[in-house]
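# A structural walkthrough
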Protein chains: 2
Amino acid sequence: MLTILPHHFAIITTDQQQEGFKLEVYLDNNATTRVDDEVLDAMRLIYIYDYGNPNSLHRKGNDAAQHMEDSRRILAKLLGVKSKEIFFTSGATESINWVMRSVARLASEKRNKLIIGAVEHKAVLKTAHDIAKIHNLDIAILPVDEKGVYLLDELEKKLDETVLLVALMSANNEVGTLQPVEEISKLVRSKAPRAFLLVDAVQSFGKSKMDLEAWNPDFLVLSAHKFHGPKGIGLLYAREGRIPFPLITGGGQERGFRAGTQNVPGIVGMAKAAELAVKDLEKNIEKMRKFQKLIAKKVETLGGVVITPLNNSLPNTITVSFPGILGHHLLNALSLEKIYVSTHSACSSSESTSHVLEAMGIKGKIALGAIRISTSRMTTEEEISFFLETLEKVLKFLGFDR
Amino acid sequence: MLTILPHHFAIITTDQQQEGFKLEVYLDNNATTRVDDEVLDAMRLIYIYDYGNPNSLHRKGNDAAQHMEDSRRILAKLLGVKSKEIFFTSGATESINWVMRSVARLASEKRNKLIIGAVEHKAVLKTAHDIAKIHNLDIAILPVDEKGVYLLDELEKKLDETVLLVALMSANNEVGTLQPVEEISKLVRSKAPRAFLLVDAVQSFGKSKMDLEAWNPDFLVLSAHKFHGPKGIGLLYAREGRIPFPLITGGGQERGFRAGTQNVPGIVGMAKAAELAVKDLEKNIEKMRKFQKLIAKKVETLGGVVITPLNNSLPNTITVSFPGILGHHLLNALSLEKIYVSTHSACSSSESTSHVLEAMGIKGKIALGAIRISTSRMTTEEEISFFLETLEKVLKFLGFDR
């Protein structure tokens with residue numbers, strides 16, 4: 001039997017009731033987030049009432065198209081760009097593939113270099129290697145310093161007229177390090193003016209300030225499920241006239257650039273989630289920053305190591321290690337207590353070491369012990385207290401010896 | 001102010017209340033469908049409770065993965081295939097692009113012919129032309145007879161050892177004609193054994209019987225929003241070992257074949273929608289067939305022309321024409337009465353003539369007058385009666401003169 005608690009929509013099964021209700025603490029918000037209730041309410045209206053195909057010519061189609069274009073305007077305004085520069089996709093991975101595979105078709109012998117960062121998401125890294133093979137491109141990997149920050153002097157050395165595309169993230173998903181996007185962009189524009197610049201901003205939106213005017217990218221990607229929106233929807237910002245080809249062709253949707261019936265409930269949900277993510281952003285950053293500091297202090301007291309550079313990071317992310325304890329053992333022990341953290345990225349969760357930590361020069365016991373704690377604006381003080389208490393208990397149980 | 005009617009989730013705004021509540025009749029189910037309430041309920045539990053990333057290693061991730069794999073098993077069982085042959089995508093258009101763009105990479109000088117049907121969806125037609133340009137392929141267009149059925153003797157002539165891919169639909173979206181998929185498949189297997197066979201079954205699922213054993217395709221695509229499931233989710237059935245490359249690379253999801261965090265609520269919704277679509281299928285077919293006949297009779301009484309071949313069509317689709325009246329005028333006039341039909345495919349709705357009617361040899365006033373009425377298992381007798389009454393009224397108003 002299901003009991004529904006109306007305020008938080010938490011559902012407790014009879015089994016769970018019998019084992020005694022226990023606070024569930026979700027601290028893996030860089031992997032995905034819970035959909036906001038307001039987002040779900042907005043989507044529900046589309047699912048059950050304005051369910052028309054936005055490409056249909058009747059009123060039911062027009063109504064759906066209206067919701068879709070309103071959402072596009074909301075998102076464009078929040079990003080400070082034009083509506084026609086926003087394209088809807090199934091998520092950031094599709095957006096990244098679209099940009100990289102499409103730009104690769106413009107390659108020539110004189111313009112065949114990709115610059116990608118060493119700590120990028122697999123969506124960039126794997127796609128770079130795939131298109132390099134198909135189109136015979138050269139890949140230059142941009143290294144980071146020990147805090148995970150891209151080395152600008154190394155970037156400068158790699159930039160020349162052969163560069164086709166530079167793909168870099170604004171904030172790292174595994175350790176939370178912020179990148180100097182404005183400086184990177186200025187360097188790219190001055191040293192390789194014909195290069196395209198793709199910014200993976202998936203982890204920034206709703207957690208740190210984004211200034212698209214200063215960043216000046218050609219392309220920028222977002223995924224709704226990283227900011228309390230639904231899964232299966234994302235966007236590509238493409239500066240007017242910059243996206244060369246579609247990745248997915250067919251019925252001519254998205255002005256011929258992305259075919260397939262648009263996911264209108266998802267689009268409306270993403271726009272609502274984006275509004276909520278930037279509302280009270282400063283207050284939320286402050287709260288998450290406070291939690292990050294509390295966690296750092298406790299970890300140090302317990303004899304652990306803080307990997308995330310706290311003075312240059314997303315406020316919601318803190319990667320720590322208890323050398324000698326394996327990260328996935330700690331993850332499992334916490335999971336049994338209904339506390340959810342990650343070792344590294346969910347998308348690489350089956351691999352044993354992190355390419356991000358490796359690029360930062362972090363090896364051995366510290367790398368193997370790393371866990372990532374990622375909060376969100378929904379995280380409460382009560383949850384953090386419970387997490388910190390339980391962490392201490394679990395580490396004792398696992399025999400952690402500072 | 002919104003008034004919510006709990007049973008049908010219909011929402012009536014104050015404006016609508018003032019103009020007097022009027023039955024809304026949605027007869028454009030080949031373009032998209034309303035999400036079933038049971039589907040939305042199933043999705044809601046995932047959105048608000050089991051919202052983990054299925055690739056995360058903790059319990060919240062495992063629970064999401066469990067829902068996803070249960071859904072994959074349900075869909076595989078309904079199609080009579082193996083779970084590992086089902087891949088989740090953002091919809092049929094992505095699935096089609098994936099197959100066609102991926103198979104095209106296997107082309108060689110000796111194996112460079114695409115056979116595509118003249119009445120295919122734009123997802124196949126446009127993608128064929130795009131990959132033909134990129135990979136230097138030859139396209140052979142398979143013609144249809146006056147009922148829209150593919151000509152088997154023409155197919156036989158085109159089949160040889162140079163054929164890389166044959167892409168054909170099981171039922172036409174615009175006129176509802178059923179294709180002899182089993183015979184097509186047998187011909188392909190005997191005359192071009194190395195060719196891949198892609199079947200676009202988007203319009204068949206939940207409206208007619210599908211026999212994958214007899215059809216014996218290498219690839220088959222479905223979109224959930226065509227059978228009362230959510231938008232933004234679809235699947236690719238790919239026979240074991242047949243899909244050569246991913247279209248979207250990254251985090252290694254879907255066994256390395258389709259990257260991006262899986263849309264678990266969408267996947268669960270699609271599986272639930274599929275179960276509902278095949279439950280009582282025969283009864284639903286019978287009901288839709290009855291409506292189709294009622295509409296045909298009335299259209300003929302009114303002096304119109306029935307284009308759909310009723311003895312070889314989807315039960316839910318009937319395309320008719322009132323020569324002299326433009327299809328989009330009739331569509332608009334019906335839309336004002338809250339009755340929603342289409343001229344031709346929603347994906348081609350901005351084009352003035354239908355490539356399907358053209359291929360069937362239907363031209364001039366009949367082609368320009370065509371409208372498509374597509375019912376679903378949710379369509380009621382009351383709605384059909386209201387539609388037929390209104391159709392007569394509207395035709396008089398438009399000055400239709402038999």
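The rules behind the values
- Residues numbered from 1 in each chain as written.
- Chains lettered and ligands numbered in written order.
- Predicted model: local features only at pLDDT ≥ 70, side-chain atom pairs only at ≥ 80, totals over all residues.
- Heavy atoms only, no water.
- Helix = DSSP H or I, 4+ residues; strand = E, 2+ residues; numbered from the N terminus.
- Rg over C-alpha atoms; globule rule 2.2 N^0.38 Å.
- Buried < 20%, exposed > 50% of the residue type's maximum accessible area, 1.4 Å probe, protein only.
- Lys, Arg positive; Asp, Glu negative; His and termini not counted.
- Charge placed at Lys NZ, Arg CZ, Asp CG, Glu CD.
- Axes fitted to C-alpha atoms, helices over the stretch in contact; angles between N-to-C directions.
- Parallel < 35°, antiparallel > 145°, perpendicular 65-115°, else oblique.
- Left-handed = near helix turned anticlockwise from the far one by under 90°.
- Contact = heavy atoms within 4.5 Å.
- Nonpolar A, V, L, I, M, F, W, Y, C, P; charged D, E, K, R; others polar.
- Arc of directions from axis to C-beta.
- Domains from an automatic or database assignment.
- Buried area = accessible area lost by both parts, 1.4 Å probe.
- Salt bridge = Lys/Arg side-chain N within 4 Å of Asp/Glu carboxyl O.
- Polar contact = N/O pair within 3.5 Å; in protein donor to acceptor, adjacent residues only side chain to side chain.
- Expected span 1.5 Å × (residues − 1).
- Pairing = 2+ DSSP bridges.
- Least-squares fit on C-alpha atoms with pLDDT ≥ 70 in both.

### Focus: the overall build of chain A
- Along its length, chain A carries 14 helices and 14 strands.
- Relative to its length of 402 residues, chain A is compact, with a C-alpha radius of gyration of 22 Å against a globular reference of 21 Å.
- By principal-axis analysis of the C-alpha atoms, chain A measures approximately 60 × 55 × 35 Å.
- Classification of the 402 residues of chain A by burial places 63% in the buried group.
- For chain A, the distance from the average site of its 50 positive side-chain charges to the average site of its 48 negative ones is 2 Å.

### Considering the packing of helix H3 (residues 59-79) of chain B against helix H9 (residues 264-278) of chain B
Residue and element names in this part refer to chain B.
- In contact at an axis separation of 9 Å, H3 and H9 are set at 30° when each is read in the N-to-C sense. Taken together, H3 and H9 sit at an angle that is classed as roughly parallel. Considering how the two elements wind past one another, H3 and H9 form a crossing that is left-handed. When H3 is examined against H9, the residues Ala 64, His 67, Met 68, Ser 71, Ile 74, Leu 75 and Leu 78 are found in contact with a partner set consisting of Val 264, Ile 267, Val 268, Met 270, Ala 271, Ala 274, Glu 275 and Val 278.
- The class makeup of the residues in the contact of H3 with H9 is 12 nonpolar, two polar and one charged.

### Topic: helix H7 (residues 181-191) of chain B
All names here are of chain B.
- Residues of H7 that are buried: Val 181, Ile 184, Ser 185, Leu 187 and Val 188. End-on, the buried residues of H7 take up no more than an arc of 160°, which puts them together on one face. Away from its buried face, by an angle of more than 90 degrees, H7 presents the exposed residues Lys 186 and Ser 190.

### Quick notes on the domain arrangement of chain A
Residues and elements named next belong to chain A.
- Domain parsing of chain A yields domain 1 (14-29 + 280-397) and domain 2 (38-278).
- Of the roughly 2600 Å² buried between domain 1 and domain 2, counting both surfaces, carbon and sulfur atoms make up 55%.
- In this assembly, domain 1 and domain 2 are joined by one salt bridge.
- Across the pair Lys 209 and Glu 282 runs a salt bridge whose closest N-O atoms are separated by 3.0 Å.
- Counting every contact that joins domain 1 to domain 2 gives 11 residue pairs in polar contact (both at pLDDT 80 or more).

### Digging into the environment of Ile46(A)
- Inspection of the secondary structure puts Ile46(A) in helix H2 (residues 37-48).
- Excluding residues within four positions of it along the chain, Ile46(A) makes contact with Tyr51(A), His67(A), Val264(A), Pro265(A) and Val268(A).

### Section: helix H14 (residues 381-397) of chain B
Residue and element names in this part refer to chain B.
- Helix length check: H14 (17 residues) gives 24 Å between terminal C-alpha atoms against 24 Å at 1.5 Å per residue, within 8%.
- Of all the residues in H14, the buried ones are Glu 383, Ile 384, Phe 387, Leu 388, Thr 390, Leu 391, Val 394 and Leu 395.
- Structurally, H14 contributes buried residues whose contacts are with strand S3 (25-26), helix H10 (281-301), helix H11 (327-336), strand S13 (339-340) and strand S14 (370-374).
- Gly 399 sits one or two positions beyond H14 and adopts a positive phi of about 80°.

### Structural notes on the environment of Val221(B)
All names here are of chain B.
- Tracing the sequence through the fold places Val 221 in strand S9 (residues 219-223).
- By relative accessible area, which is 0% here, Val 221 ends up buried.
- With 147 residues separating them along the chain, Val 221 and Leu 368 place their C-alpha atoms 30 Å apart.
- With residues near it in sequence (within four places) discarded, Val 221 still touches Ala 92, Ser 95, Ile 96, Leu 198, Val 199, Asp 200, Ala 201, Val 202, Leu 235 and Leu 236.

### Looking at the side chain of Asn29(B)
Residues and elements named next belong to chain B.
- Secondary-structure assignment places Asn 29 in the loop between S3 and helix H2 (37-48).
- Of the residues examined, Asn 29 reaches a relative accessible area of 4% and is grouped as buried.
- One polar contact links the side chain of Asn 29 to the main-chain carbonyl oxygen of Tyr 26, over a distance of 3.4 Å.
- Leave out the neighbours within four places in its chain, and Asn 29 touches Lys 207, Lys 226, His 228, Ser 374, Thr 375, Ser 376 and Thr 379.

### A word on the sheet that holds strand S5 (residues 113-117) of chain B
Residues and elements named next belong to chain B.
- Taken in spatial order, the seven strands of this open sheet run S4-S10-S9-S8-S7-S5-S6, and their pairing is mixed. Sheet topology places strand S4 (86-89) and strand S6 (138-142) at the edges, where each strand pairs with a single neighbour. Going from strand to strand, the sheet's axes swing by 20° on average, the running direction of each strand aside.
- Inspection of the sheet shows strand S8 (residues 196-200) paired to S9 by three bridges, in the parallel sense. Directly across from Leu 198, in S9, lies its bridge partner Phe 219.

### Some words on the pattern of salt bridges
Residue and element names in this part refer to chain B.
- Tallied over the entire structure, the rule returns 46 salt bridges over all chains.
- As a salt-bridge pair, Arg 377 and Asp 36 come within 3.1 Å of each other at their nearest N and O atoms. Of this pair, Arg 377 sits in the loop between S14 and H14 while Asp 36 sits in the loop between S3 and H2, placing them 341 residues apart in sequence. Across this residue pair, the class does not change: Arg 377 and Asp 36 are buried.
- In this structure, the salt-bridge partner of Arg 258 is Glu 94, at a minimum N-O distance of 2.7 Å. Here Arg 258, found in the loop between strand S10 (234-238) and H9, pairs with Glu 94, found in helix H4 (residues 92-104); they are 164 residues apart in sequence, far enough to count as distant.
- When its relative accessible area of 9% is taken as the criterion, Arg 258 is described as buried.

### A closer look at the relation of the copies chain B and chain A
- Once turned by 180° and shifted 0.0 Å along the axis, chain B lies on chain A with an RMSD of 0.0 Å. Here the transformation between the copies is reduced to the relation of a two-fold axis. For chain B, the smallest separation between a C-alpha atom and the rotation axis is recorded for Ser90(B), amounting to 3.0 Å.
- Residue by residue, 100% of the interface of chain B is reproduced at the interface of chain A, so both copies engage with the same surface.

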